[in-house]
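Report on the structure
Chain by chain, the residues:
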Amino acid sequence: HITERFIYSDGLQSSPGRALNSYVSTFSPGFLLTLGSKWTADYTPTWTVYTNRAFQNSVGHALNFTGGMPAGDWLLSFTQHYSLTSSLRVETARQTEQQAAVTGIGIAHRFDEHLSLEIATTQNLQFVAAAPDSYDWSSVASLCYQISSRLTTSAGFKLGYTDLYPGS
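Presented here is an overview of the structure given in this document. Keep in mind the model is a prediction, meaning the values are calculated, not measured.

Rules behind the numbers
- Along each chain, residues carry numbers from 1 onward, in the same order as the chain's sequence is written.
- Totals for whole chains, interfaces and linings use all residues, but because this is a predicted model, local features are given only for residues with pLDDT of at least 70 and pairs of side-chain atoms are given and counted only at 80 or more.
- The side-chain quantities take in all heavy atoms of the structure and omit both hydrogens and water.
- Two kinds of site are reported from a 1 Å grid over the protein atoms alone, namely cavities, where a 1.4 Å probe fits but cannot get out, and pockets, open sets with protein on both sides within 12 Å along at least five of seven lines, and residues are called lining when an atom falls within 4 Å of a point.
- Grid points are joined across faces, edges and corners, and a volume is the space filled by probe spheres set on the points.
- Each helix is a run of H or I in the DSSP string that is no shorter than four residues. Each strand is a run of E no shorter than two, and both are numbered from the N terminus.
- Three categories are distinguished: nonpolar for Ala, Val, Leu, Ile, Met, Phe, Trp, Tyr, Cys and Pro, charged for Asp, Glu, Lys and Arg, and polar for the others, with Gly belonging to the last.
- Contacts are assigned to residue pairs that have any heavy atoms within 4.5 Å of one another.

**Describing the layout of surface pockets**
Estimated volume of the largest pocket: approximately 360 Å³. Of all the secondary-structure elements, those providing two or more residues to the lining of the largest pocket are β1 (2-15), β2 (18-29), β4 (39-50), β5 (58-71) and β6 (74-89). Tallied by class, the residues present in the lining of the largest pocket amount to 7 nonpolar, 14 polar and 1 charged.

**Points about the environment of Gly156**
Relative to the elements of secondary structure, Gly156 occurs in strand β10 (residues 151-165). Excluding residues within four positions of it along the chain, Gly156 makes contact with Ala141 and Ser142.

**With respect to the side chain of Thr26**
Position of Thr26 relative to the elements: it lies in strand β2. If we ignore the near neighbours within four places in the chain, the residues touching Thr26 are Thr3, Glu4, Arg5, Thr46, Trp47 and Thr48.

So, in structure tokens, the structure goes:
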């Protein structure tokens, strides 16, 4: 897969209080690998080029690994995402390097043709240069009822915890 984007932006922060304009071109050629019928791996580099020399051209990377497998009457799922980018951030008012790692694990069980249970847990780690890093954990559980082939309703709850470092 290939994505090409060319935009013009006003008010980009090159440093605190210094808003500039630039054309921004991004090019992302991705590679998707299917591993059997239930697993995929995707790697996408992204080249970003700015016409304004106050910004640094950069290369970002994104890697995704996703899959699932049955375990008796249950369906297990797994996702892993990693990215490394250098983008303009509001939090730092300048171009900043960021790494993100997101891991998700889920289970689902269908009791009959209408009723199912879904449970998922996610860990999201964000490492940002010159800004607080964040560590986020959350879990969600839902009881789902399929009314028709086009309509499903569910009720559930979500618990989460976020830690900023350094932070309060």
